[in-house]
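# Commentary on secondary and tertiary structure
If you want the building blocks of each chain, they are given just below.
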Amino acid sequence: MTVTPEQFRRVHTDVPGPRSRALLDRAGAALPAGLGSVLPVFVEAAGGGVVVDADGNSFIDLGSGIAVTTVGNAAPAVAERAAAQLRRFTHTCYLVNPYESYVEVCERLNALAPVRDARTALFNTGAEAVENAVKVARAATGRPAVVAFDHAYHGRTLLTMSLTAKNTPYKQGFGPFATEVYRAPMAYPYRWPSGADRCAEEATAALTELVDRRIGAGNVAAVVVEPIQGEGGFVVPAPGFLPSVARLCRERGIVLIADEVQSGIARTGAWFACEHEGIEPDLVTTAKGLGGGLPIAAVTGRAELMDAVPAGGLGGTFSGNPVACAAALGVFEEIETHDLLARARAIGDTMLTALRAIAEEHAVVGDVRGRGAMVAIELVGPGTTPAPELTARIARRCHRDGVLVLTAGTYGNVLRFLPPLSIPDALLAEALTVLRAAVAAETGRSGAFTAQRVP
Ligand SMILES: *Cc1c(COP(=O)(O)O)cnc(C)c1O
């Protein structure tokens, strides 16, 4: 039996409240400064659409632990399957003794991923999946170089930090970085210098130039792309860009890696965000939403590439842990029994409609974008100048008023919304009302930019 907290918003203390503050003092003495929290309230319960803290405050959850609890926190099928597996055995190491649930998770991903004749290997984290996808691409091609994009986020390990675009806080002080990483412009319609209409074509030209002239196509193992960028600010590439990237890779024997760690597993209203643009990557990475909160990650890819690594070349002590595999099977069950793909699309429609209305009222909302339950607003002014302080203030006001929102973006000026698909409609509507009031209050306070639309 899982316990879902009562579904309401309530803040009856300061945020953080006295019990959370006492725990923060303990954390401050025991943990390094490098571990920060977006909303430093200590959690006692979570589920449906709320997170409940140690002071009895109940926050509407628009973050899902960064796109992890897509099917809900402690979702019944996840919790029950994981608990049953916990009682049977907790670990063998797949590299020592295999077990059926590992194979079943791989079979499910092979059938669902937009990859023909697929094979899957399991890992623990998103970064580990991306690292292994690059290992597979290099082994299969015999080439060293990897191309990533502006605004990309791929993790915090040496290689994935090197693939990540933003310096602070992800890279500052952590060099030297991995070699043979090259960066191309992302087709970011809102910020493309010559306008959104020219974005896909010019970004494709820039990628082609980088690959063919500067690196040399024969040296490029892989292009790694998030079909919707996550930490970089929920950038949806200009229509047509991803198909152009896929074509460029195919023509040059370059492995196309779609990093779907954040966008995959029902988040955008499809199993994989690649489906929206009809592209078939060679390798796909998944992680965040895959385990319903338990750590599990995967690389799913064409057999001919995946099999290029000989036995012993892939894996890890904990990779594809049996409890996490049971949880992942619970995630598939939840998505199918509750038609959560449709639920993600409906949540997206509700959010986009409400956010566009807020953008109509407030010129500081320069862009509204996203797909399914992965949407964001970009805050600017004057013109398209990023407004990170305003963004932080709106986020803090939402937190104080009982709505958990996350920020994102290279310029720190994006508010992103990733509700669990288990959120009740009434709570989602309430959260959007709180957000609207927060934008109004903070924009009014800052004085400017309420009157006219950004051209
Ligand atoms: C979060 C994320 C990662 C890293 O995942 P971890 O589990 O934190 O290592 C990689 N790629 C993308 C697109 C992500 O959003």
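Counting restarts for each chain, with residues numbered from 1 along the sequence as it is written. Owing to the predicted nature of the model, reporting of local features is limited to residues with pLDDT of at least 70; listing and counting of side-chain atom pairs is limited to 80 or more, with chain, interface and lining totals taken over all residues. Values shown for side chains rest on all heavy atoms present in the structure; no hydrogens or waters enter the calculation.

Looking at an unreviewed UniProt entry, one finds the protein chain named (S)-3-amino-2-methylpropionate transaminase, with Actinophytocola glycyrrhizae as its source organism. UniProt positions are given in the numbering used here, feature names are shortened, and annotations may be inferred rather than shown by experiment. According to UniProt, the comment filed for the protein chain under the heading Cofactor (unreviewed entry) is "pyridoxal 5'-phosphate". Listed under Sequence similarities (unreviewed entry) in UniProt, the entry text for the protein chain is "Belongs to the class-III pyridoxal-phosphate-dependent aminotransferase family."

## A closer look at the sheet that holds strand β2 (residues 50–53)
Strand pairing is defined by DSSP finding a minimum of two bridges between the two strands. By definition, any uninterrupted DSSP run of H or I lasting at least four residues is a helix, any uninterrupted run of E lasting at least two residues is a strand, and each is numbered from the N terminus. The mixed open sheet is built from four strands, whose spatial order is β1-β2-β3-β13. Of all strands in the sheet, those bounded by a partner on one side alone are β1 (43–47) and β13 (403–404). Direction of pairing for β2 relative to strand β3 (residues 58–61): antiparallel, over a ladder of three bridges. Residue pairing across strands places V52 opposite S58, the latter belonging to β3.

## Points about the packing of helix α4 (residues 100–112) against helix α10 (residues 322–337)
Inter-axis angles, ranging from 0 to 180 degrees, are taken between N-to-C directions of lines fitted to C-alpha atoms, where helices are fitted over the stretch in contact. As a packed pair, α4 and α10 sit with axes 8 Å apart at the nearest point and diverge in direction by 40 degrees. Considering their axes alone, α4 and α10 lie oblique with respect to each other. When the axes of α4 and α10 are compared, the crossing they make is left-handed. Where α4 abuts α10, its residues S101, Y102, E104, V105, R108, L109 and L112 lie against P322, C325, A328, L329, F332 and E336. Of the residues in the contact of α4 with α10, the class split is nine nonpolar, one polar and three charged. For classification, angles of less than 35 degrees are called roughly parallel, those exceeding 145 degrees roughly antiparallel, those between 65 and 115 degrees roughly perpendicular, and all remaining angles oblique. By convention, the crossing between two helices is left-handed when the near helix turns anticlockwise from the far helix through less than a right angle, and right-handed when the turn is clockwise. Any pair of residues with heavy atoms lying within 4.5 Å of one another is described as a contacting pair. Charged residues are taken to be Asp, Glu, Lys and Arg, nonpolar residues to be Ala, Val, Leu, Ile, Met, Phe, Trp, Tyr, Cys and Pro, and polar residues to be all remaining types, Gly included.

## Some details on the layout of surface pockets
The way it works is a 1 Å grid over only the protein atoms, where trapped points that fit a 1.4 Å probe form a cavity and open points with protein on both sides within 12 Å along at least five of seven lines form a pocket, and then any residue with an atom within 4 Å of a point lines it. Grid points are joined across faces, edges and corners, and a volume is the space filled by probe spheres set on the points. Counted as a void, the second largest pocket has a volume near 450 Å³. Y94, Y102, T120, A121 and L314 are the residues nearest the centre of the second largest pocket, which is lined by 23 residues in total. Elements that contribute at least two residues to the lining of the second largest pocket include exactly α4 and β4 (118–123). A breakdown of the residues in the lining of the second largest pocket according to their chemical character gives 13 nonpolar, seven polar and three charged.

## Examining the sheet that holds strand β12 (residues 374–379)
Strand order in the open sheet made by the four strands is β11-β12-β15-β14, with antiparallel pairing throughout. Both outer strands of the open sheet, β11 (365–371) and β14 (406–408), are each paired with one neighbouring strand and no more. Averaged over all neighbouring strand pairs, the angle between strand axes comes to 25 degrees, with direction disregarded. Bridging between β11 and β12 involves six bridges; their strand directions are antiparallel. In the strand pairing of β12, V368 is matched with I377. Across the sheet, helix α11 (residues 340–361) is in contact with β11, β12 and β15 (414–417); its angle to β11 comes to roughly 170 degrees. Its contacts with the sheet place helix α12 (residues 388–400) against β12, β14 and β15, and it is angled at close to 35 degrees to β15.

## Focus: empty space enclosed by the protein
In the structure shown here, the tally under the stated rule is two cavities of 30 Å³ or more. In this model, the largest cavity occupies a volume close to 60 Å³. If you trace the largest cavity, you find it lined by H151, A152, Y153, T164, A165, K166, Y170, E231, G232, G409 and T410. Together, P227, I228, V236, P237, L242, A273, H276, E277 and R371 line the second largest cavity. For the lining of the second largest cavity, a count of residues per class yields six nonpolar, one polar and two charged.

## Brief notes about a nonpolar patch on the surface
On the surface, L158, F174 and F177 cluster together into a nonpolar patch covering about 290 Å² of accessible area. Examined against the element boundaries, F174 turns out to sit in the loop between α6 (158–163) and β6 (181–184). Patch membership is restricted to residues that have no salt bridge and whose relative accessible area is over 30%. Joining uses 9 Å for like charges and 5 Å for the nonpolar side chains Val, Leu, Ile, Met, Phe, Trp and Tyr. To be clear on the numbers: accessible area is Shrake-Rupley with a 1.4 Å probe, and residue cover counts the displayed protein chains and nothing else. Within this document, salt bridges are pairs made up of a side-chain nitrogen of Lys or Arg and a carboxyl oxygen of Asp or Glu, the two lying within 4 Å of each other.

## Overview of the packing of aromatic side chains
Geometrically, a pair of aromatic rings is defined through the distance of the ring centres and the angle of the planes. By convention, a stacked pair of Phe, Tyr or Trp rings (six-membered ring in the case of Trp) has centres within 6.5 Å and planes under 30 degrees apart, an edge-to-face pair has planes over 60 apart, and any other such pair is tilted. This structure, assessed with the given rule, holds seven aromatic pairs. Geometrically, the ring pair formed by F149 and F241 is edge-to-face, given 5.8 Å between the ring centres and 80 degrees between the ring planes. Of this pair, F149 sits in strand β5 (residues 145–149) while F241 sits in helix α8 (residues 241–252); the two residues are 92 residues apart in sequence, bridging distant segments of the chain. Each residue gets one of three labels from its accessible area relative to the maximum for its type: buried under 20%, exposed over 50%, partly exposed in between, using a 1.4 Å probe on protein chains only. With relative accessibility at 1%, the residue F149 sits in the buried group. These aromatic residues form a ring-pair network of at least three members: F89, Y94, Y99 and Y102.

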